[in-house]
Every structure is written in structure tokens, then in C-alpha cells.
Amino acid sequence: QVQLVESGGGLVQAGGSLRLSCAASGNINSANTMDWYRQAPGNQREWVATITGNLRTYFVDSVKGRFTISRDNAKNTVYLEMDRLKTEDTAVYLCRTESLGRVYWGQGTQVTVSS
């Protein structure tokens, strides 16, 4: 079993920044690839960013150059630093990982970007 708990969401003006955290516990370690997804009302869930166990990072084109993903293995925590936020970044942001063939999701944290 793996538990993922996101935090750090909130309301921010366009152009501002937020840092999201995803604290992981259970059967997980530094080798696990960790992902961030987001889901806006009425939209499908969208992949946002990935960090692998060897610290390779990947981003959806719409956030490249604005978002950074990192991890602190000592704390079993993954971060999503979001800069120059846009109104279209408004969504529930969810953390995801896989362990022993199962996919795990956090409950999500709301990010609202106002114009």
C-alpha cells in the first residue's frame, strides 16, 4: 500500500507562484517514478510532470519553462514548483505513482489562478 497526500494549493493571481507537495508513505522508495496530473472542471485528467528515480524530469508542453518538479528522498516528498501561473492552470492537482503493479493517487489539492 502507498499513501499520497498533496498540499500547497490555494488561490493566486495570474503571474504568481505556488509550490505543491506530495508526501508519500508506505511501500515506496526513491526509485519510484512520481507524477503530477491535473484536472479542471469538465476536462479530462491531464498529465503535467514526471520525475524518475534517477531524477530525470519531463513536462507537458504547456508548463515547460514555468513548472519545476523535484524530490526530497529523505522526506519521501515530491514537489511541483509552479511559476508564472496562468488562469488556465486552474485545476485540482494530483500526485500519482505505481508500486508493485498498482497505481496510487492522492486526493488532490486545488489550485485557482485568478486574472
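Refer to the structure above for everything that follows.
Residues numbered from 1 in each chain as written. Predicted model: local features only at pLDDT ≥ 70, side-chain atom pairs only at ≥ 80, totals over all residues. Heavy atoms only, no water.

What follows concerns the packing of aromatic side chains. What the rule picks out here adds up to 1 aromatic pair. Note that R19 overlies the ring of Y79, its terminal NZ or CZ placed 4.3 Å from the centroid. Sitting over the face of the ring of W105, R45 holds its NZ or CZ atom 4.4 Å from the ring centroid. (Phe/Tyr/Trp six-rings, centres within 6.5 Å; stacked < 30°, edge-to-face > 60°. Lys NZ or Arg CZ within 6 Å of the ring centre and 35° of its normal.)

This brings us to the side chain of T97. Along the chain, T97 turns up in strand β9 (residues 91-99). Within the local environment of T97, its side chain forms a polar contact with the backbone oxygen of T33, the two atoms lying 2.8 Å apart. What T97 contacts, discounting residues up to four positions off in sequence, is V2, L4, I28, N32, T33, M34, R102, V103 and Y104. (Helix = DSSP H or I, 4+ residues; strand = E, 2+ residues; numbered from the N terminus. Polar contact = N/O pair within 3.5 Å; in protein donor to acceptor, adjacent residues only side chain to side chain. Contact = heavy atoms within 4.5 Å.)

Once that is clear, we can look at the nonpolar core. In this structure, W36, F67, L80, M82 and Y93 are the most contacted members of the largest nonpolar core, which totals 29 residues. Mapped by element, the contributors of at least two residues to this core are β1 (2-7), β3 (18-26), β4 (34-39), β5 (46-51), β7 (67-72), β8 (77-82), β9 and β11 (109-114). By residue number, the principal contributor to this core is β3, which donates 4 residues. (Core = buried A, V, L, I, M, F, W, Y, C linked by side-chain atoms within 4.5 Å. Buried < 20%, exposed > 50% of the residue type's maximum accessible area, 1.4 Å probe, protein only.)

One non-glycine residue, N76, adopts positive backbone phi at about 50 degrees. The phi dihedral of L100 is positive, around 50 degrees, even though this residue is not glycine. Tracing the backbone shows L100 in the loop between β9 and β10 (102-105). L100 gets classed as exposed once you look at its relative accessible area, which sits at 74%.

To locate leftover empty space, one rolls a probe as large as a water molecule over the atoms. Considering all chains together, one arrives at 1 cavity of 30 Å³ or more under this definition. If you add up the space inside the largest cavity, you get close to 70 Å³. Among the elements of the structure, β3, β7 and β8 are those that each provide at least two residues to the lining of the largest cavity. Considered class by class, the residues forming the lining of the largest cavity number 5 nonpolar, 4 polar and 2 charged. (1 Å grid on protein atoms, 1.4 Å probe; cavity = no way out; pocket = protein on both sides within 12 Å on 5 of 7 lines; lining within 4 Å. Points joined across faces, edges and corners; volume = space filled by probe spheres on them. Nonpolar A, V, L, I, M, F, W, Y, C, P; charged D, E, K, R; others polar.)

All quantities given are derived from atomic positions and should not be read as evidence of function.
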